[in-house]
Amino acid sequence: MRGSLGCVLWGLLTVIFITGCSAGAPEDYRPAFTSQPPGGVKQLIFGVHPLHNPNKLFEVYGPIVDYLNENLKDVSLRLEASRNYDEFDKKLYARHFDLALPNPYQTIKAMKHGYHVYGKMGDDENFRGIILVRKDGVIREVADLKGKTVSFPAATALAATMMPQYYLHTHGLDINRDITVAYVGSQESSIMNVYIGKAAAGATWPVPWIKFIKERPDIAEKLMVKWQTETLPNNSLVARDDTPAEVVERVGALLFTLQDSDRGRRMLEQIPISRFEKATDATYEPVRQYIRKFSKNVRPVEE
């Protein structure tokens, strides 16, 4: 029995750090982390794209959803994670979520499925791609990556995949021919693949990297940010078109003032960002233009 339990635990660690929870999960995988609301209270689903593996996502966003529920009337939010970007995309575009926090690329696609932007994460200066290498490795120039494997969280991750891929393209690397692209399912997996030597370089973005440094300093110390990209508007907050306007307004008001209290600042530090802020669909027009440029020059993606 103990041997079986050890295998299970080792398997879970492998899934989290190497495959990003993408293999072997059932099709209807929908981990939800909030309790059922009392009778007569309508439950709305709040989905967050895979910024972290599901357990860590709950640790970061669970307290925020609990805070929202404490201050909402007649509705209750249920936080829902997804096993990977693919699963989140399917649920978002099928209008499964009432409220969601997608990345900017998912945002412009969600608009076609009846979602509108009401807010976003602040700190746009941190919405950029970064490319990590081992400090003791042999990668010095972009050209050194030719013939090597580079890890990315997912094909639809904007800051952590598309923007680094565009950076490599503009620095002379054909990502479709010169390197082996490994989509590993999560930000943590992309980082860990560099550490364990499965990838010569790995892409992510500052928010999960900062959190990784705090939580795994022994591993992070072996890695370094070798290159970083330009910036774009940060992740959005969207609402489905049939979500009551008063609920969206109330959720927005609560999120946009988190930085005004000690409790709120502690929650924001866990993400980590300084604030949420108001935004509209028009905020993401630069993203739409960037996607068109990326699709033309690097690899085709659906707008």
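In case you missed it, the structure is sitting above this.
This is a predicted model, so every value here is computed, not measured. (Residues numbered from 1 in each chain as written. Predicted model: local features only at pLDDT ≥ 70, side-chain atom pairs only at ≥ 80, totals over all residues. Heavy atoms only, no water.)

### Quick notes on the sheet that holds strand 9 (residues 223–231)
The strand order across the open sheet built from five strands is 7-6-8-5-9, with neighbouring strands paired in mixed fashion. At either end of the open sheet lies a strand with only one pairing partner, and these are strand 7 (180–183) and strand 9. Put simply, the sheet's adjacent strands are angled 25 degrees from each other on average, direction ignored. Both strand 5 (residues 128–134) and strand 8 (residues 201–204) contribute to a ladder of three bridges, which runs antiparallel. Bridged to Ile130 within strand 8 is Thr204. Across the sheet, helix 5 (residues 158–170) touches strand 5, strand 6 (149–152), strand 7, strand 8 and strand 9, and the angle it forms with strand 5 is around 75 degrees. (Pairing = 2+ DSSP bridges. Helix = DSSP H or I, 4+ residues; strand = E, 2+ residues; numbered from the N terminus. Axes fitted to C-alpha atoms, helices over the stretch in contact; angles between N-to-C directions. Contact = heavy atoms within 4.5 Å.)

### Remarks on the environment of Ala110
Position of Ala110 relative to the elements: it lies in helix 4 (residues 104–110). In this structure the C-alpha to C-alpha distance between Ala110 and Asp89, which are 21 residues apart in sequence, comes to 9.0 Å. Apart from residues no more than four positions distant in its own chain, Ala110 is found in contact with Leu92, Tyr93 and Tyr115.

### Some details on the nonpolar core
The biggest cluster of nonpolar side chains holds 83 residues, and the ones touching the most others in it are Tyr61, Leu158, Leu168, Leu255, Ile271 and Phe276. The greatest single-element share of this core, amounting to eight residues, is contributed by helix 5. The residues contacting Phe276, other than those within four sequence positions of it, are Leu101, Lys120, Met121, Gly122, Leu237, Leu255, Phe256, Leu258, Leu268 and Ile271. Counting 10 residues, the second-largest nonpolar core is a separate cluster that includes Met192, Val194, Phe212 and Ala220. (Core = buried A, V, L, I, M, F, W, Y, C linked by side-chain atoms within 4.5 Å. Buried < 20%, exposed > 50% of the residue type's maximum accessible area, 1.4 Å probe, protein only.)

### Brief notes about the packing of helix 2 (residues 54–70) against helix 9 (residues 245–255)
Between helix 2 and helix 9, the shortest axis-to-axis distance is 10 Å and the interhelical angle comes to 125 degrees. Between helix 2 and helix 9, the angle is such that the two are oblique. In the crossing of helix 2 with helix 9, the sense of the turn from one axis to the other is right-handed. Contacts between helix 2 and helix 9 pair Ile64, Tyr67 and Leu68 from the former with Val251, Leu254 and Leu255 from the latter. Residues belonging to the contact of helix 2 with helix 9 are distributed by class as follows: six nonpolar, no polar and no charged. (Parallel < 35°, antiparallel > 145°, perpendicular 65-115°, else oblique. Left-handed = near helix turned anticlockwise from the far one by under 90°. Nonpolar A, V, L, I, M, F, W, Y, C, P; charged D, E, K, R; others polar.)

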